[in-house]
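Per-entry structural report
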Amino acid sequence: MTVSRLQGIPPTIFTTMSALAARTGSVNLGQGFPDVDGPPEVIAEAVAALQGGANQYAPGPGVPALRQAVAEHQRRHYGLAWDPDTEVVVTTGATEAIAASILGLVEPGDEVVVLEPYYDSYVAMLQMAGAVRRPVTLRAPDFRLDLDELRAAVTPRTRFVLLNSPHNPTGTVLSPDELRGVAAVAIEHDLTVITDEVYEHLTYGVEHTPVATLPGMAGRTLTISSIGKSYSFTGWKVGWATGPAALVGALLSAKQWLTFTSGAPLQPAAAYALTSAADYPKELAASLQARRDLLLTGLADAGLPARTPDGTYFAISDITHLGWEDATAFCLALPERAGVVAIPVQGFYADHPDAGRQLVRWTFCKRPEVLTEAVERLSAARLAR
């Protein structure tokens with residue numbers, strides 16, 4: 001018997017499709033996790049921490065070395081100055097940071113402007129908190145933010161903007177003009193911005209700009225990221241949030257009753273990654289751009305042309321021309337037809353599902369030989385309905 005605050009929230013599509021990939025022996029281009037680990041020297045630091053006795057509870061806000069490393073990362077890359085003692089908190093991945101920020105800041109009935117399609121945990125956590133979603137929909141084929149729609153989404157009951165850039169699942173990186181539009185709305189209406197920037201270093205030919213760097217925004221923005229994507233350690237679940245002490249403290253007030261702390265031996269290794277392996281994300285982005293292009297070429301050859309994403313792990317194809325009723329039916333049939341698993345995007349459009357009804361998401365964070373095998377299977381398959 002599921003409590004009412006969880007009713008209507010479907011199981012995450014990632015679990016469903018990854019299980020389908022395992023059951024059918026398909027190439028999994030659905031769930032976005034790399035098939036190669038991050039830097040060996042960072043793993044060695046985690047092993048050393050395990051063997052060195054870092055196996056008991058870490059401090060609730062995170063080990064000091066990692067909080068200092070995160071503060072230095074924000075200063076070095078973006079010129080943001082945060083106190084590691086009061087304005088940085090370590091979380092169990094970005095997912096917990098999102099959950100704790102919503103539970104710690106959002107009152108029942110508060111309206112939250114959020115970009116649709118949504119990463120699925122946003123919908124779940126806003127519902128659990130009793131918040132009201134105010135969607136601003138990114139639509140195919142370009143998935144850009146319509147600033148008029150953003151302004152129209154704000155009402156007197158709106159308190160927050162939940163932002164995601166680089167954006168999952170579309171691969172859009174918000175432009176300086178789009179970000180200035182967000183900042184103008186936030187300042188005019190005195191809104192707090194919670195921003196998920198886990199793909200901050202994985203952009204291709206465009207630059208990611210944190211909204212907190214814009215004039216008037218540092219004091220009203222809580223910025224979330226993690227080591228998972230930038231260093232290919234998604235299973236470590238080491239994330240963080242930075243921002244004014246009042247916002248970080250609100251997140252921590254909820255986080256202490258969720259996990260309290262986690263990953264004691266992984267936190268020193270994450271600190272090492274941010275300081276001593278600081279060039280790795282740039283190398284990873286270059287590798288991912290090459291793999292993105294490999295996948296896009298193969299998809300086009302298979303009759304599944306995809307928009308070129310500016311960031312993240314993901315590319316999206318429109319399957320309207322193939323005659324399927326929707327992307328979910330296509331993706332459920334794809335393992336049998338082609339031996340490949342992808343993700344239907346319509347599940348990320350909770351408020352305007354028709355906007356994503358014919359869209360399929362593919363991930364390119366796999367080895368080149370895996371991507372080649374996938375597109376060869378797709379090219380050989382009968383994909384039309």
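My aim in this report is to walk through the structure given alongside it, one point at a time. (Residues numbered from 1 in each chain as written. Predicted model: local features only at pLDDT ≥ 70, side-chain atom pairs only at ≥ 80, totals over all residues. Heavy atoms only, no water.)

Examining the overall build of the chain
A count of helices and strands for the chain gives 13 helices and twelve strands. Over its C-alpha atoms the chain spans a radius of gyration of 20 Å, differing by no more than 12% from the 21 Å that the globule rule assigns to 385 residues. Once the C-alpha set of the chain is aligned to its principal axes, its extents read approximately 55 × 55 × 50 Å. The buried share among the 385 residues of the chain stands at 57%. Carbon and sulfur atoms provide 54% of the accessible area of the chain, an area that totals close to 15,500 Å². Taking the average place of the 29 positive charges on the side chains of the chain and the average place of its 40 negative ones, the gap between the two points comes to 4 Å. (Helix = DSSP H or I, 4+ residues; strand = E, 2+ residues; numbered from the N terminus. Rg over C-alpha atoms; globule rule 2.2 N^0.38 Å. Buried < 20%, exposed > 50% of the residue type's maximum accessible area, 1.4 Å probe, protein only. Areas by Shrake-Rupley, 256 points an atom, 1.4 Å probe, with all protein chains shown as cover. Lys, Arg positive; Asp, Glu negative; His and termini not counted. Charge placed at Lys NZ, Arg CZ, Asp CG, Glu CD.)

Looking at the environment of Thr261
Considering the arrangement of structural elements, one finds Thr261 in the loop between α9 (245-255) and α10 (266-276). Using a relative accessible area of 11% as the deciding quantity, one classes Thr261 as buried. Once the C-alpha coordinates of Thr261 and Ala315 are considered, the two residues, 54 residues apart in sequence, prove to be 34 Å apart. Looking at Thr261, its side chain comes within polar contact range of the main-chain oxygen of Pro59, at 3.5 Å. (Polar contact = N/O pair within 3.5 Å; in protein donor to acceptor, adjacent residues only side chain to side chain.)

So, the sheet that holds strand β12 (residues 359-363)
What the three strands build is an open sheet, ordered β9-β12-β11; its pairing is antiparallel. The outermost strands of the open sheet, each flanked by one partner alone, are β9 (314-318) and β11 (343-344). Pairing geometry for β9 and β12, over five bridges, is antiparallel. Paired with Asp318 across the two strands is Leu359, which belongs to β12. Its contacts with the sheet put helix α12 (residues 327-338) on β11 and β12, and the angle it makes with β12 is roughly 45 degrees. (Pairing = 2+ DSSP bridges. Contact = heavy atoms within 4.5 Å. Axes fitted to C-alpha atoms, helices over the stretch in contact; angles between N-to-C directions.)

Quick word on unusual backbone geometry
With omega at 10 degrees, the peptide bond leading from Ala140 into Pro141 counts as cis. With respect to the helices and strands, the residue Pro141 is situated in the loop between β4 (132-137) and α6 (147-153). Note the cis peptide between Ser165 and Pro166, where omega equals -5 degrees. Its identity as a non-glycine residue notwithstanding, Ser232 has a phi of 60 degrees, on the positive side. Counting through the fold element by element, Ser232 comes out in the loop between α8 (227-230) and β8 (239-242). One non-glycine residue with positive phi stands out, namely Lys237, at about 55 degrees. Lys237 sits in the partly exposed class, given a relative accessible area of 34%.

Details of the pairing of β12
Across the five residues of β12, five count as buried, placing the element largely inside the fold. In β12, alternate side chains face the same way, and those of Leu359, Arg361 and Thr363 on one face and Val360 and Trp362 on the other are all buried. Pairing analysis gives two bridges linking β11 to β12, with the strands arranged antiparallel. The partner of Pro344 across the bridge, within β12, is Val360.

Focus: the nonpolar core
A general feature of soluble globular proteins is that nonpolar side chains tend to end up buried together. Ranked by internal contacts, the top residues of the largest apolar core, which has 131 residues, are Phe330, Trp362 and Leu378. Apart from the residues within four sequence positions on either side, Leu378 is in contact with Leu299, Ala302, Leu304, Leu334, Ala338, Val340, Trp362 and Leu383. (Core = buried A, V, L, I, M, F, W, Y, C linked by side-chain atoms within 4.5 Å.)

Everything listed here is a matter of geometry and, on its own, says nothing about what the molecule does.
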